[in-house]
Structures are given as structure tokens and as C-alpha cells.
Amino acid sequence: MIAAPLVALVLAGIAAASPAVPPQPKAKNPQCNFWANVRDRFINEIFLGVCAQDVHSMVRISFHDAIGFSLHSEKGGGADGSMIKFQDVELKFPANEGVDFIVSFLQPFADDLGISYGDAIMFGTAVGMSLCPGAPRLPGFVGRSDATRAAPDKTVPEPQDNLTTIFARMADAGFTPTELVHLLASHSMASQAGVDPSPDLLGAPFDSTPFDFDSQVFLEVMLRATSFPAGGSGPNLGEDMSPLPGEFRLLSDRLFARDSRTSCAWQENALNQTAMASNFAAAFKKLSLLGQNQASLLDCSELIGTPPPAKNKQAFFPAGTNHDMIEQGCATQLFPTTLSTVAGRATPIPVVQLQDCPTCPTFKRRA
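Nothing here was measured: the structure is a model prediction, and the numbers come from that model.

(A) Region of interest: the environment of Asp 54. Along the chain, Asp 54 turns up in helix 2 (residues 53-66). Sequence-wise, Asp 54 and Cys 330 are 276 residues apart; in three dimensions their C-alpha atoms are separated by 34 Å.

Right, here's the structure in full:
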């Protein structure tokens, strides 16, 4: 996640086929009955039953909306939906370029249901992630009030920023460098649509498995880069070379994987899918409660379904790569030689196609 550029105007992968959505949990707390309907409408009308572009767009706006917060100065109100409520202000910030895509779905959706924009973002993200293979089950707190002020510009880090600047901004919002790495697990489903403006690279993925919430992105960012993606205009501001044809890499991701303050946390996520998912869940819960009093919210986490299991229990070296390409960053633990390697020559990773929403004409994006 981190920015319009830093998250690269993230677009998530779209599964080739739409799997049947399993039965969803029923509310045990009567106060959550209303939210069961909200969940089902999210699944059917916004996500179309798949872990695709709209799910990652939700993860992205959840970060951009909540991180406009400070423990030490007057900024935004945290996870309060200001990105929607004050869209005429916040969507003009360079780091939020492209967020209008999901805002154009969420605003009429939330208005129709009569829920706050902050709840639409955070509860909707938890619902969406329940559709993604390998994802953790996220908390579903509701009851946020709508934002009363816009967050200021420059609260979302960008991929061209130096790491000390990024870490300082995150610390101001209450997050350590390690927690930032945990939030960046969202890049496992991400692709770019803003760092490189070339039409051929719209949707170039950040790893070789953009349809899954897995640890592959952490491994592949550790690999020695060889070139910029074909058909692009690289190098661009915030872009780095990548190790696989068709794969896109953010400059900040490369630095996180090799900096002494974050490299060991990065490597841990590369080697442990379970830990990566658990780490993301903890960091996301903290993000979703920024500026909120948890005791005043209603916990409807019981409504969030269990995500499908990860397709791969451990990261692997894609065809055309191997252990010799690892650029070791963590000084306290060598990267193991036990991971499997896919045989054969590297083949281009196709771009992720945009998700359409033919069954929800009410929520078409604005022109």
C-alpha cells in the first residue's frame, strides 16, 4: 500500500473464473443483523464474489483514508471516511490519484445503505479480503461517525521518498517500520496504474501471483533486478528495475527489503505465509481504529467469512530466477536455500485487466 505512486495506484488482480462464494456467517449479536445485509451487498454488488480489483482498491483507500492522522499535531481524523466526505479536497492530492475509482462506487453505496463512509471503507475492506486466497480474517468494527474535516496533503508516503522520511511520517501516525512492512503485504495483490503512464503497462503486477494474498511479492522484491518492463517508459519517478519480464517494482519496496531497519521483517514475510497474514491482520486492525475509540464501536467481526486457504504454503523462485539472485538484506539470518524453483525459462507476466461491474449499474464509476 503506501501511495498513489507508492501504492502505484494499486489495482488488484482479477481471477480468471468467479468461484462460488461460500455461505457467510450468521450474526449472533442481534445488533449485527443489519451489517450482515451490508456484507452480502458488498460481496454481490461491489466485489462480484471475487478477490479482484475492487478488493485491493478497498485496501488501498483504507490506508490512504486512515493514515491522514497524527499523534502529535492536528491532521485528519484517521479512519473516518474523509477521503469520501471531502473528496473534492483529498482526491486532488497527488498521492491519491486514482482513488476516485473506488470512491465513485462507495459513496452511492454507503448513501443508499445509510452507513458512514468510514464504516463503508473499513468494514468493506474486511469483507473483500475474506474472498482472497491466503488472506487473514480481518476485524469488522462499525459505528464510526463521518469525518468532520479533510486530512491534509503529504500524509501518504510516496515511492520516491527516502526511507527516513517515510518512517517519520508513519511514526507520526503511530506505526513502526516493522508495522509498515506488515501493511505492505497488500502489495501481494497489487499492480501499477500511475508510476509508469504507458498504456501497455497499465496493470503491470508487483509479483508473479497477483490474484493471491501470498508472500511471493516479498521474495521477488529481494531478487536482483534485470530490466524495466518492456513497453514502458522506465525509469520513472519512484520506479525500480524488476527481475521478471512484465513485473513492476516500486523503488521504495526495493529499499525496504535492503535497509537494516526493515530488511529482516521483509525477509520474515517472504519466508512465512502464515506470519505474513497474521502480521497484516494486526497492523490493519490498528489502522482501522486510528482516531477511533474501540470501546464505542460495535464489533461485528463475527460476520466476516474465513478466506480461502493460500494456494502456495511457501514462496518459490519463479521460472528464470533462483537463489543466486537473492540480494541479502537481513544481517542476522541468511536466506535459506530450501525454497523450490520452477523449472524453465522466464515468461512475461501479463498485465492485470480492469474489473468491470456489469451487474451493478447504480455504482458505475464517474467519468
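Here the narrative resumes.
(B) Structural detail: the state of the cysteines. According to the stated counting rule, one finds 3 disulfides in the structure shown. Put simply, Cys 32 and Cys 300 are joined by a disulfide, and their sulfur atoms are 2.1 Å apart. Here the S-S torsion is close to -95°, and the disulfide linking Cys 32 with Cys 300 is therefore left-handed. On the criterion of sequence distance, the pair formed by Cys 32 in the segment before helix 1 (33-46) and Cys 300 in the segment after strand 6 (298-299) is long-range, its members being 268 residues apart. Cys 300 shares its class with Cys 32; the two are buried. What pairs with Cys 264 in a disulfide is Cys 330, and their sulfur atoms sit 2.0 Å apart. Residues Cys 264 and Cys 330 share a disulfide whose torsion about the S-S bond is about 90°; that sign makes it right-handed. Here Cys 330 lies in the segment after strand 6 and Cys 264 lies in helix 11 (residues 263-271), a separation of 66 residues in the sequence.

(C) Highlighting the packing of aromatic side chains. All chains considered together, the criterion is met by 12 aromatic pairs. Seen from their ring centres, Phe 42 and Phe 47 are 5.7 Å apart, and the 20° between their planes marks the pair as stacked. Per residue, the accessibility class of Phe 42 equals that of Phe 47, and both read buried. Here a set of aromatic residues connected by ring pairs shows up, and it is made of Phe 167, Phe 218, Phe 256 and Trp 266. Positioned above the aromatic ring of Phe 175 is the side chain of Lys 286, whose terminal nitrogen or guanidinium carbon lies 4.9 Å from the ring centre.

About the criteria used
- Residues numbered from 1 in each chain as written.
- Predicted model: local features only at pLDDT ≥ 70, side-chain atom pairs only at ≥ 80, totals over all residues.
- Heavy atoms only, no water.
- Helix = DSSP H or I, 4+ residues; strand = E, 2+ residues; numbered from the N terminus.
- Disulfide = S-S within 2.5 Å.
- Buried < 20%, exposed > 50% of the residue type's maximum accessible area, 1.4 Å probe, protein only.
- Phe/Tyr/Trp six-rings, centres within 6.5 Å; stacked < 30°, edge-to-face > 60°.
- Lys NZ or Arg CZ within 6 Å of the ring centre and 35° of its normal.

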